[in-house]
Structure formats: structure tokens, C-alpha cells
Amino acid sequence: MVRIMFIIYLGCSANQSYSQGVLFQPEVLVGNRSAMFQHHLEIPVKRNISFSNYLLIDSEYNRVENQIYFVRNMLSFKNSEKWRSNIAFGVKNPGIFSTVSWTYKRLDSEKVLIYTVGVTLQKTLSLEQSLVFKRNLIEFENYIFQFQLLVVTNFDFNGYSRGIQQFRFALQNENFQFGVGVNLDQFNNSTTVLENYGVFIKMAIQNKS
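Residues numbered from 1 in each chain as written. Predicted model: local features only at pLDDT ≥ 70, side-chain atom pairs only at ≥ 80, totals over all residues. Heavy atoms only, no water.

**Some words on the environment of S50**
Inference 1: Among the secondary structure elements, S50 is positioned in strand β3 (residues 49-60).
Inference 2: In the structure, S50 is positioned 25 residues away from L75 in sequence and 5.8 Å away in space, judged by C-alpha atoms.
Inference 3: When residues no more than four places from it in sequence are discounted, the contact partners of S50 are E42, I43, P44, V45, M74, L75, S76 and R84. (Helix = DSSP H or I, 4+ residues; strand = E, 2+ residues; numbered from the N terminus. Contact = heavy atoms within 4.5 Å.)

Put into C-alpha cells, the structure is as follows:
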């Protein structure tokens, strides 16, 4: 817990130091198994360098041993309009980790595609991949009906060590979203599988001053 609080402190300190162009996106999901809070904080440091902090806490109602935590601090260097190089460190089940990765990002007015691949060190080395996909389905009046997908996989020498899938069907009004969400988590070659189905709300707060 001390390590988690120290990493969160680093993210908050960076927010105080660089306020220009800060983007903060908190989200809460209440489901059948647990209540989850996650946020993404992004801060520009220099012209081609940015800092991001990701935090996820998933607390099961009845079993403390199934609590999920994930904190990551990352520095990204913009190589081109579509490619970034990243270094990251943080803590997640079952402990401290560090990652070197590369990100490809493609977006237009209708969809967003972000793919990241890299190497993570957490007790052992693993190949980590993540995919973020967002697609606008229907637009009416001031709302957009949107589908969102997040997939994260870790493969080490023993197989499929960690997997995450998040599905969202959301109604978006400017910087506010609400809708139905599904969270799926797998550990140790899927010997442990956790599922959570519920409703969520999400906001996007940006400071461009």
C-alpha cells in the first residue's frame, strides 16, 4: 500500500508542476461483483514528451483477496504523428513492474485505434500488448452512442500470465459519458477469472490554459 501511495503521489506532483494541456479522465463502474474506479491523467512536459498516470482499483464486495490494483506512470516520446516510444513503471497484481513499449495511434472523426507492444519486467519478462478501440455508432441531437474496447495481454515463459478486457456501450454528451460496462480479468493461464457487469460514468476534464 505504501508503494501504491508513493506512485500516486508522483502523478499528482506532476499535475501541479505542469498545468498546460492537462487531461484528466476519471471513471466509476458499479457492477454485480465489485465497484471499480479508474482514471487516466495526461500531462505535456515538453514539445514531444508527455507524462501519463493510470490508476485502477477494483474492490470486490465479499472477498478481499480478489481486489485488483494497477498503477502506472509513463513517459512518452513522440517519434512521429502516429508513433510514440514509452518507458513506464508501476505496481499491479502481484507487484512492481517496469515496461518499455511503442505505441501506434490512428484516429479520425468516427473512430480511435491505439495499439501498444512492449516488454514488461515483473518477476519475469513478458510480452505485453494492448489495444484501445473506440467507434461512434449513432449520433442524435447532443449525444453520441459509442462502443469502446480495451484489451491487455501479457505472455511470459509460462504462458498467458495476465489478461484484461473492458467493454463499454456509452452515451456521450460533450465531456460526459454513461452507459453499460463489462470488465473481464484473467490470471495465471486463466486459472483465475473475474467478471464484472454493471453501469459506469466517465468524465473528461481538460485544462488548456
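**Side note on the nonpolar core**
Inference 1: Core analysis: the biggest nonpolar cluster contains 11 residues, these being L29, M36, Y54, L56, I68, F70, F97, A170, F187, L194 and F200.
Inference 2: Within the residue set of this core, elements represented by two or more residues are β3, β4 (68-78) and β12 (192-203).
Inference 3: Setting aside residues up to four positions removed in sequence, I68 forms contacts with R33, L56, I57, D58, N93, R162, D185, F187 and L194. (Core = buried A, V, L, I, M, F, W, Y, C linked by side-chain atoms within 4.5 Å. Buried < 20%, exposed > 50% of the residue type's maximum accessible area, 1.4 Å probe, protein only.)

**Description of unusual backbone geometry**
Inference 1: Cis geometry is adopted by the peptide bond preceding P94, which originates at N93 and carries an omega value of 10 degrees.
Inference 2: For P94, the position within the fold is in the loop between β5 (83-92) and β6 (95-107).
Inference 3: One non-glycine residue, K123, adopts positive backbone phi at about 70 degrees.
Inference 4: For K123, the position within the fold is in the loop between β7 (111-122) and β8 (124-140).
Inference 5: With relative accessibility at 73%, the residue K123 sits in the exposed group.

**Digging into the pattern of salt bridges**
Inference 1: Under the counting rule described, the total for this entry stands at 8 salt bridges.
Inference 2: D58 is paired through a salt bridge with R33; the nearest N and O atoms lie 2.8 Å apart. Pair noted here: D58 is in strand β3 and R33 is in the loop between β1 (22-31) and β2 (34-46), with a separation of 25 residues, a long-range link.
Inference 3: The partner of E65 in a salt bridge is R63, with the nearest N and O atoms 2.9 Å apart. (Salt bridge = Lys/Arg side-chain N within 4 Å of Asp/Glu carboxyl O.)

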